[in-house]
Amino acid sequence: MGVRFHYARKLCECNECGEKIQVGALVSFYHQKNQSKWHHFDCFLKQRNVDEYRKSDIMFWMKRRPYFERRSTVSLEEYDKHPHTFQLAITPAELTKIRKLFALAKEHKTESFIPWASEMANLNCHDCIFAFSNSVVGGEQLGLYFQGNNYHPKCLLKTRKVNVDAKEIRNYDSLSEDDKKHLGELFKKNDDAFFLPCCIPSDDEHCSFLKCREKHCHDYDLRIRDHGIRYQTKTYHLKCFALMGKVNMDGKEIENYNILSHSQKLCLQKLKKSDDFDIPLIEKAIRNDYCTLPDCPAANGRPSKFPWPYTIKQDELQIKYRGDNYHPRCFKSAKKSKIDIKAFLGYDSLNQRTKQMLEENYEDTEMDNEEGESSSDDDDSDDSNSSDFGSDQMDDDNDIEGPPAKKSKMEPQMQDGNVSDEIIQNEFDNDQEPFDGTNVKEEMSEPIISQMNTLNESYNAGVGPQIINRREEREGNQESGNQVKGEPEIVTLDDDDEVETNEVRPEIKQESVAESYNFDVPSGDFLRSTLKKFDIEHTNEVYTFYGNNIKYTKIPATATLCTTFPTSSSIDSFFKCLSLYFTGKEEHFSVIKMGIQAYFFSNSKTFGIIDGIDFSKLQKSSLEFQKFNECNELTNAHFTIICSWFNCRIGIFSNGRLSGKYGNWDEKHPIFLIEENNGFYKPVLALN
């Protein structure tokens, strides 16, 4: 089931979309049923089984192979063990991209795991064993397209494969009110308790348990041949689920247990309800694994989850809790349990010195928490061993992987300090710009000091990003006592900070007279130069998007929202808006997001002070920078920097009116109007 990634050396056809793969594009290659399969990287992710790959299945072509190595490829598993030994043919940025998107697929967070709604004639439901519906011939009914198959909405819900809110379903906005109501009654997202385990007939799926080593026909086989357990949208062998320790229940309590045969029921015998389920277990790790804490210090700013480098090393002390693994300090930081460490399972078997170190460690962590300090700042900790109790951190030859974290930051983050040898030092060098050599073009790493100085001068001249103060808007405070007659009022968003001369700060412009801005379709030169930053080809499809959808040529300052474009889902919806405005399609949003993140990471020290944040002093290893660089919760600073880099203007509509203007609105830069509704962004098509 292995797949190999490298750059295309010749023109070939993508087996998913049928379009040509250009020379130099990142491609995937694998064999299936004695046939060679080539895909664009984005097309590869549309396959159903992408989330079933192990690190040992993800292969890379080597630029130069070691003298002792005959193969031309190396697995991600082996590369992470010996990062200095192998030189990959792809760039570090592409490797990061592959890691990130595989991690999203593993957690079922990519677009392929979001259903698509549409009206279908004679709906052919996959769950109904391809039986035609009873609808009138030629009539249409609501259907959901999911991972290559069509379903009745109730049938898809019954499979337990999805955990989405009805409004997240793609094409939801274009449905009739009756269809929206029907989906709303069925699909309600439940991240905390979805779903209880259930016995289901197998759909010839793969087991999602990373330690799965079920043996069939004298060879390892991950496929579930008969019945399996569906749990939180994933499917497992009966034996594997019993070994996971994720639920505190007897096997007999699992839904649909009675449909199993006698031999299948025996597979669930090890699943027993226990009074010790909520008591943490402390032990030495028997293999390399992942710490569940999203901000695990051993990850050195990267995510601690599949398929990133392991953060728990073999023979290190770890704490197991409800099927998850933690370093001792990380478990304390996570505040999962209030049980005294002396009552942990396995504590009595530790030697006296280890017990003393654990107790001191927990006391130190409690003091850090009281003072509001992060446990990762402990001067006694070492980047290569954050557990404080690890042994020699020997490489583990066992390719069995540990469970991924439930919740984790997906974007690659780096510490300013030296990175441990156990981490991929070849991937990012602290003495040079990260993402060097990436497909994100040279514009991404060029200094922007001159741009910011120019922007500062424009602020001093009374121009620049004009932003309605949303905090005052929420508090109902629309007045200011310091307004100069005849001049627009300038107010910083953070009134408590001292104003510095180098601050790139958002400003608030109270409209004294009605203003109107001309809107023009962005020029070809602007679109080509912008897309060049992300190595995206400029096509005429973008002009079709503008011609068929945008209905305004003037943007009054007092304009109110009329209609918006139905983006597919709220996930990364702001970047989907940019992709639509730049290319006419959503599909490039992930590349645009990662390019912007790379730009933030490479140039943050030159940003100065924006919205109260002094980026010149902000450490890249800090939680504040990590949260900023994730781009999951967008702020004024994000919009301000993006507008500066693109030389554009962005107008944000909230509550039906233009509440935020970013960029220099006194210049004739392209304008992009976007509605924001509780973090769901959509392009604005028409104004009142």
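Residues numbered from 1 in each chain as written. Predicted model: local features only at pLDDT ≥ 70, side-chain atom pairs only at ≥ 80, totals over all residues. Heavy atoms only, no water.

- By the naming in an unreviewed UniProt entry, the protein goes by PARP-type domain-containing protein and is assigned to Panagrolaimus davidi.

## Some thoughts on the overall build of the protein
Turning to step 1, where the next piece is worked out: Across its full length, the protein carries 17 helices and 30 strands.
Turning to step 2, where the next piece is worked out: Residue burial in the protein is summarised as follows: out of 688 residues, 54% are buried.
Turning to step 3, where the next piece is worked out: Summarising the internal contacts of the protein: among those between residues at least 6 apart in sequence, 68% fall at separations of at least 24.
Turning to step 4, where the next piece is worked out: Total accessible area computed for the protein in this model is approximately 33100 Å², and 45% of it derives from carbon and sulfur atoms. (Helix = DSSP H or I, 4+ residues; strand = E, 2+ residues; numbered from the N terminus. Buried < 20%, exposed > 50% of the residue type's maximum accessible area, 1.4 Å probe, protein only. Contact = heavy atoms within 4.5 Å. Areas by Shrake-Rupley, 256 points an atom, 1.4 Å probe, with all protein chains shown as cover.)

## Notes on helix H17 (residues 636-646)
Turning to step 1, where the next piece is worked out: For H17, a buried count of 11 out of 11 residues is recorded, marking the element as mostly surrounded by other parts of the structure.
Turning to step 2, where the next piece is worked out: Taken together, the buried positions of H17 are occupied by Asn636, Ala637, His638, Phe639, Thr640, Ile641, Ile642, Cys643, Ser644, Trp645 and Phe646.
Turning to step 3, where the next piece is worked out: Downstream of H17 by a residue or two, Asn647 has a phi angle that is positive, lying close to 55°.

## Focus on helix H16 (residues 623-630)
At 3.6 residues per turn, the α-helix brings residues three or four places apart onto the same side.
Turning to step 1, where the next piece is worked out: Along H16, the residues classified as buried are Phe625, Gln626, Phe628, Asn629 and Glu630.
Turning to step 2, where the next piece is worked out: Contacts made by the buried residues of H16 are with helix H15 (589-603) and H17.
Turning to step 3, where the next piece is worked out: In the segment just after H16, Cys631 is the residue with positive phi, at about 60°.

## Some details on unusual backbone geometry
The phi torsion of most residues other than glycine is negative, and most of the peptide bonds are trans.
Turning to step 1, where the next piece is worked out: Cis peptide bonds are those with omega within 30 degrees of zero, and the linkage from Phe306 to Pro307 qualifies with 0°.
Turning to step 2, where the next piece is worked out: Its place among the elements puts Pro307 in the loop between strand S19 (281-284) and strand S20 (317-321).
Turning to step 3, where the next piece is worked out: A positive phi is found at Asn171, a non-glycine position, where the angle reads about 75°.
Turning to step 4, where the next piece is worked out: In this structure, Asn171 sits in the loop between helix H4 (153-159) and helix H5 (177-186).
Turning to step 5, where the next piece is worked out: Despite not being glycine, Asp535 has its phi angle at roughly 60°, a positive value.
Turning to step 6, where the next piece is worked out: Here Asp535 falls in the partly exposed class, since its relative accessible area comes to 41%.

## A look at the sheet that holds strand S14 (residues 198-201)
Turning to step 1, where the next piece is worked out: Reading across from one edge, S14-S17-S18 is the order of the three strands in this open sheet, with antiparallel pairing throughout. Of all the strands in the sheet, just S14 and strand S18 (234-236) have a single pairing partner and so form its edges. Within the sheet, the average angular offset between the axes of one strand and its neighbour, ignoring direction, is 45°.
Turning to step 2, where the next piece is worked out: Sheet topology note: the S14/strand S17 (residues 227-231) ladder contains four bridges and is antiparallel. Bridged to Ile200 within S17 is Gly228. (Pairing = 2+ DSSP bridges. Axes fitted to C-alpha atoms, helices over the stretch in contact; angles between N-to-C directions.)

## A word on the nonpolar core
Turning to step 1, where the next piece is worked out: Of all hydrophobic cores here, the largest spans 61 residues; its most connected members are Phe574, Tyr581, Phe582, Ile596 and Leu673.
Turning to step 2, where the next piece is worked out: Residue contacts for Ile596: discarding those within four places in its chain leaves Phe534, Phe575, Leu578, Ile642, Trp645 and Phe646.
Turning to step 3, where the next piece is worked out: Grouped together as the second largest cluster of nonpolar side chains are 28 residues, Tyr7, Tyr30, Ile90 and Ala105 included. (Core = buried A, V, L, I, M, F, W, Y, C linked by side-chain atoms within 4.5 Å.)

## A few points about the state of the cysteines
Turning to step 1, where the next piece is worked out: Considering all chains together, one arrives at zero disulfides under this definition.
Turning to step 2, where the next piece is worked out: Left unpaired, Cys198 is separated from the closest cysteine sulfur, that of Cys199, by 6.4 Å. (Disulfide = S-S within 2.5 Å.)

## Examining the sheet that holds strand S12 (residues 140-146)
Turning to step 1, where the next piece is worked out: The strand order across the open sheet built from three strands is S9-S12-S13, with neighbouring strands paired in antiparallel fashion. Each edge of the open sheet is held by one strand with a lone partner, namely strand S9 (116-121) and strand S13 (149-151). When strand polarity is set aside, the average angle formed by the axes of neighbouring strands in this sheet is 45°.
Turning to step 2, where the next piece is worked out: H5 rests against S9 and S12 of the sheet, and its axis sits at about 45° to S12.

## Looking at the packing of H15 against H17
Turning to step 1, where the next piece is worked out: At a minimum axis separation of 12 Å, H15 and H17 run at an interaxial angle of 95°. The angle between H15 and H17 falls in the class roughly perpendicular. On H17, the residues touching Gly595, Ile596, Tyr599 and Phe600 of H15 are His638, Ile641, Ile642, Trp645 and Phe646.
Turning to step 2, where the next piece is worked out: Considering only residue class, the contact of H15 with H17 consists of seven nonpolar, two polar and no charged. (Parallel < 35°, antiparallel > 145°, perpendicular 65-115°, else oblique. Nonpolar A, V, L, I, M, F, W, Y, C, P; charged D, E, K, R; others polar.)

## Quick word on the side chain of His327
Turning to step 1, where the next piece is worked out: As for its position among the elements, His327 is in the loop between strand S21 (324-326) and helix H8 (328-334).
Turning to step 2, where the next piece is worked out: Within polar-contact distance, the side chain of His327 engages the side chain of Glu316 at 3.5 Å. (Polar contact = N/O pair within 3.5 Å; in protein donor to acceptor, adjacent residues only side chain to side chain.)

## Section: the packing of aromatic side chains
Turning to step 1, where the next piece is worked out: Taken as a whole and judged by the stated rule, the model has 42 aromatic pairs.
Turning to step 2, where the next piece is worked out: Between the aromatic rings of Phe545 and Phe565, the centroid separation amounts to 5.3 Å while the plane-to-plane angle is 70°, which identifies the pairing as edge-to-face. Separated by 20 residues along the polypeptide, Phe545 in helix H13 (residues 541-549) and Phe565 in the loop between strand S24 (561-564) and helix H14 (573-583) bring together distant segments of the chain. Judged on exposure class, the residue Phe545 and its partner Phe565 are both buried.
Turning to step 3, where the next piece is worked out: We note Lys620 situated over the ring of Phe601; from NZ or CZ to the ring centre the distance is 4.4 Å. (Phe/Tyr/Trp six-rings, centres within 6.5 Å; stacked < 30°, edge-to-face > 60°. Lys NZ or Arg CZ within 6 Å of the ring centre and 35° of its normal.)

## Considering the pattern of salt bridges
A side chain of one charge can pair with a side chain of the opposite charge if their charged atoms are brought near each other.
Turning to step 1, where the next piece is worked out: Scanning the entire structure with this criterion turns up 11 salt bridges.
Turning to step 2, where the next piece is worked out: Notably, a salt bridge pairs Lys55 with Asp80, separated by 2.9 Å at the nearest N-O pair. Of this pair, Lys55 sits in the loop between helix H1 (41-44) and strand S6 (58-64) while Asp80 is found in helix H2 (residues 76-81), placing the two residues 25 residues apart along the sequence. Accessibility assignment for this pair places Lys55 and Asp80 in one class, buried.
Turning to step 3, where the next piece is worked out: A salt bridge links Lys585 to Glu541, with the nearest nitrogen and oxygen atoms 3.7 Å apart. (Salt bridge = Lys/Arg side-chain N within 4 Å of Asp/Glu carboxyl O.)

## Thoughts on the confidence of the model for the protein
Turning to step 1, where the next piece is worked out: Looking at the protein, the pLDDT average stands at 74 and 72% of residues meet or exceed 70.
Turning to step 2, where the next piece is worked out: Residue range residues 130-138 is modelled with pLDDT below 50. Its contacts to residues more than four positions away, or to other chains, number 17 contacts. (pLDDT = per-residue confidence, 0-100.)

## Observations concerning the packing of H14 against H15
Turning to step 1, where the next piece is worked out: At their nearest, the axes of H14 and H15 sit 8 Å apart, and the two run at 110° to each other. The orientation of H14 relative to H15 falls into the category roughly perpendicular. Where H14 abuts H15, its residues Phe575, Lys576, Leu578, Ser579 and Phe582 lie against Phe589, Ile592, Lys593 and Ile596.

## Details of the pairing of S17
For a regular strand, side chains alternate in direction, first toward one face of the sheet and then toward the other.
Turning to step 1, where the next piece is worked out: With respect to burial, S17 is a largely interior element, five of its five residues being buried.
Turning to step 2, where the next piece is worked out: Residues His227, Ile229 and Tyr231 point to one face of S17 and Gly228 and Arg230 to the other, with burial holding for every one of them.
Turning to step 3, where the next piece is worked out: As paired strands, S17 and S18 are joined by three bridges and run antiparallel to one another. Paired with Ile229 across the strands is Tyr236, a residue of S18.

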